[in-house]
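Summary of the model geometry
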Amino acid sequence: MIKKKIDFVIGANYGDCGKGTITARIAKSNPDEKIANVLTNGGPQRGHSVCFNNVVHVFHHFGSATPWDATTFYDRNFILNPMAFRQEYEEIYKKFHIILPNAVRDTMCRWTTPYDMMFNQMESLHDWKGTCGMGIWATICRFKEMWNPTFDYFCEIMSTKQKEEYLCKVRQYYTEKYVCRIQDQYYLAWHHAGTIDHFIEDCMFMYEHTDKLTSKSLDDFDRIIFENGQGLMLNDDGKDDPEKTPSQTGSNSIFDFAGLIPNYEFMNIHYVTRPYITRHGSTKFRSEKVDGDLRKDEDINQYNDWQRELLYGKLDLNLLKDRLMWDKCHWRSSPDISYTIDVTHCDELDRKNEFEKEFKDSFHLNFYGSKEI
């Protein structure tokens, strides 16, 4: 097998740091290479913004290197959402006037239904805990607690009647779990037969526009960009902690995929951070005044009832270094692996001297403006 070039893009804090921008920059800087853009964790709750031909798009279900002809791969830990897939597929085509390459999915991916999303949103509105509203945690719990067909089995084997019966069982699963009445704004969609019909159409659309992941799927690619969601401060620590996510947000999330890429020419692990911390609404995170010309990102971080507002805080470089050194411990020291800190939004707050003093001996450092690719 030809050796691959690998880039791993990881959020160093809570997310909202510029992972999409760094992924896009890597793709743009290597125009002659065929790129596989692997989404490793979470699901389409991710919002990675990229500017291409003066048009900004927030990527959810596709990799941020898509405008540079990259093919999106869904790792088995990525949670598929046929509704979000179809919506974004059509949106990207209209925005960029490009025909998207077929995405590639692991056959073990879990997948979200409209009932996972509605339950997630209703539960949060009833007792707010901070969520993306995309049904990620609900989907994970449902896959543990009831029988769920694989996405391929649902699309290939089950008849239309069986599909409808299965989705009715999912709806009933949440009806029994949810102790309050279905909220008014969800009542029609929850009970309407058209919800199931439209979702089945979305599933078939996604099935027809994606390929199955095989041992040879990566053979024709020169570079693999692993684009993580969220950030190291949200990494699953195995405890029942509402402040964490049920997701591996560090470089160890590559391990389930690594069997397909046994040889690599080099690997560059990119840790992405702003010079300050951001986090969407949380019960513990304390919003602090940050000295700098901060732009509030209203265009891509709009308030919603589930995530609420984007909060800002000071970044402790000593604690950041501890997180990064912890993540580096997953890899044995090797001349084939380099470690880079990509600091974005430096035009808002200049801490270049501080970063160089703290990190120059153990990491490469890059500094970018808030809109720079």
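Residues numbered from 1 in each chain as written. Predicted model: local features only at pLDDT ≥ 70, side-chain atom pairs only at ≥ 80, totals over all residues. Heavy atoms only, no water.

1. Points about a negative patch on the surface
Taken together, Glu164, Glu165, Asp197 and Glu201 make up a surface patch of like negative charges. Tracing the chain through its elements places Asp197 in helix H8 (residues 193-208). For Asp197, a relative accessible area of 37% translates into the label partly exposed. (Patch = residues over 30% accessible without salt bridge, like charges linked within 9 Å, V, L, I, M, F, W, Y side chains within 5 Å. Areas by Shrake-Rupley, 256 points an atom, 1.4 Å probe, with all protein chains shown as cover. Salt bridge = Lys/Arg side-chain N within 4 Å of Asp/Glu carboxyl O. Lys, Arg positive; Asp, Glu negative; His and termini not counted. Charge placed at Lys NZ, Arg CZ, Asp CG, Glu CD. Helix = DSSP H or I, 4+ residues; strand = E, 2+ residues; numbered from the N terminus. Buried < 20%, exposed > 50% of the residue type's maximum accessible area, 1.4 Å probe, protein only.)

2. Brief notes about the sheet that holds strand S9 (residues 264-273)
Strand order in the open sheet formed by nine strands is S7-S6-S5-S2-S8-S1-S9-S12-S13, and the pairing between neighbours is parallel. The outermost strands of the open sheet, each flanked by one partner alone, are strand S7 (210-212) and strand S13 (364-367). This sheet shows a mean twist of 25 degrees between the axes of neighbouring strands, independent of strand direction. Bridge count for strand S5 (residues 71-74) against strand S6 (residues 103-105) is two bridges, and the pairing is parallel. Residue pairing in the sheet places Tyr74 in a bridge with Arg105 of S6. Most of the contacts of helix H9 (residues 317-328) go to S9, to which it runs at about 155 degrees, and overall it touches strand S1 (4-11), S9 and strand S12 (337-343). (Pairing = 2+ DSSP bridges. Axes fitted to C-alpha atoms, helices over the stretch in contact; angles between N-to-C directions. Contact = heavy atoms within 4.5 Å.)

3. Some remarks on a nonpolar patch on the surface
Together, Trp147, Tyr153 and Ile157 make up a nonpolar patch on the protein surface, roughly 360 Å² of accessible area in all. Along the polypeptide, Tyr153 turns up in helix H5 (residues 151-156). Residue Tyr153 is classed as partly exposed on the basis of its relative accessible area of 39%.

4. Brief notes about the state of the cysteines
If you walk through the whole model with that rule in mind, you get zero disulfides. There is no disulfide at Cys109, and the cysteine sulfur nearest it, in Cys155, is 13 Å away. Cysteine Cys346 shares no disulfide, and the gap to the nearest cysteine sulfur, in Cys17, comes to 12 Å. Cys346 sits in the buried class, given a relative accessible area of 16%. (Disulfide = S-S within 2.5 Å.)

5. What about the packing of aromatic side chains?
What the rule picks out here adds up to 25 aromatic pairs. Here Trp111 and Tyr166 contribute two aromatic rings whose centre-to-centre distance is 5.9 Å and whose plane-to-plane angle is 45 degrees, an arrangement assigned as tilted. Highlighted residues: Trp111 in the loop between S6 and helix H3 (114-126) and Tyr166 in helix H6 (residues 160-177), separated in sequence by 55 residues. Assigned by exposure class, Trp111 and Tyr166 land together as buried. The interplanar angle of 80 degrees and the centroid separation of 5.8 Å between the aromatic rings of Phe359 and Phe363 together place this pair among those described as edge-to-face. Accessibility assignment for this pair places Phe359 and Phe363 in one class, buried. Taken together, the ring pairs connect Trp111, Trp147, Phe151, Phe154, Tyr166 and Phe199 into an aromatic cluster. Lys34 extends its terminal NZ or CZ atom over the ring of Phe221, reaching a point 5.1 Å from the ring centre. When the ring centre of Phe154 is taken as origin, the NZ or CZ atom of Lys163, which lies over that ring, is 5.5 Å away. (Phe/Tyr/Trp six-rings, centres within 6.5 Å; stacked < 30°, edge-to-face > 60°. Lys NZ or Arg CZ within 6 Å of the ring centre and 35° of its normal.)

6. Some words on the pairing of strand S10 (residues 277-280)
The side chains of a regular strand alternate, first on one face of the sheet and then on the other. Here S10 shows a buried face lined by Ile277 and Arg279 and a second buried face lined by Thr278 and His280. Inspection of the sheet shows S10 paired to strand S11 (residues 310-313) by four bridges, in the antiparallel sense. Within S11, the residue paired with Thr278 across the bridge is Tyr312.

7. A look at the pattern of salt bridges
Tallied over the entire structure, the rule returns 15 salt bridges. Between Glu90 and Arg86 there is a salt bridge whose closest N-O contact spans 3.3 Å. Of this pair, Glu90 and Arg86 both sit in helix H2 (residues 82-96), four residues apart, which is roughly one turn of that helix. Two residues, Lys321 and Glu358, come together in a salt bridge whose shortest N-O distance is 3.8 Å. In this pair, Lys321 is assigned in helix H9 and Glu358 in helix H10 (residues 352-359), connecting sequence segments 37 residues apart. By relative accessible area, which is 24% here, Glu358 ends up partly exposed.

8. Focus on unusual backbone geometry
A positive phi angle is found at Asn54, which is not glycine, with a value near 65 degrees. In this fold, Asn54 is placed in the loop between strand S3 (48-52) and strand S4 (55-59). The backbone of Asp69 sits at a positive phi, close to 65 degrees, despite the residue not being glycine. For Asp69, the location among the structural elements is in the loop between S4 and S5. What makes Asp69 exposed here is its relative accessible area of 62%.

9. Here's the deal with the nonpolar core
Of all hydrophobic cores here, the largest spans 51 residues; its most connected members are Tyr74 and Phe154. Put simply, the parts of the chain that give this core at least two residues each are S3, H2, H3, helix H4 (136-145), H5, H6, helix H7 (184-191) and H8. Those residues within four positions of Phe154 in sequence are excluded, and the remaining contacts are Trp111, Pro149, Lys163, Tyr166, Leu167, Ile200 and Cys203. Core analysis: the next-biggest nonpolar cluster, separate from the first, contains 40 residues, Ile254, Phe257, Tyr271 and Leu320 among them. (Core = buried A, V, L, I, M, F, W, Y, C linked by side-chain atoms within 4.5 Å.)

10. Focus on the confidence of the model for the protein
Predicted coordinates in regions of low pLDDT should not be interpreted in detail. On average, residues of the protein score 89 in pLDDT, and 93% of them are at 70 or above. Within the protein, the element-level pLDDT minimum falls on S11, averaging 87, and the maximum on H5, averaging 98. (pLDDT = per-residue confidence, 0-100.)

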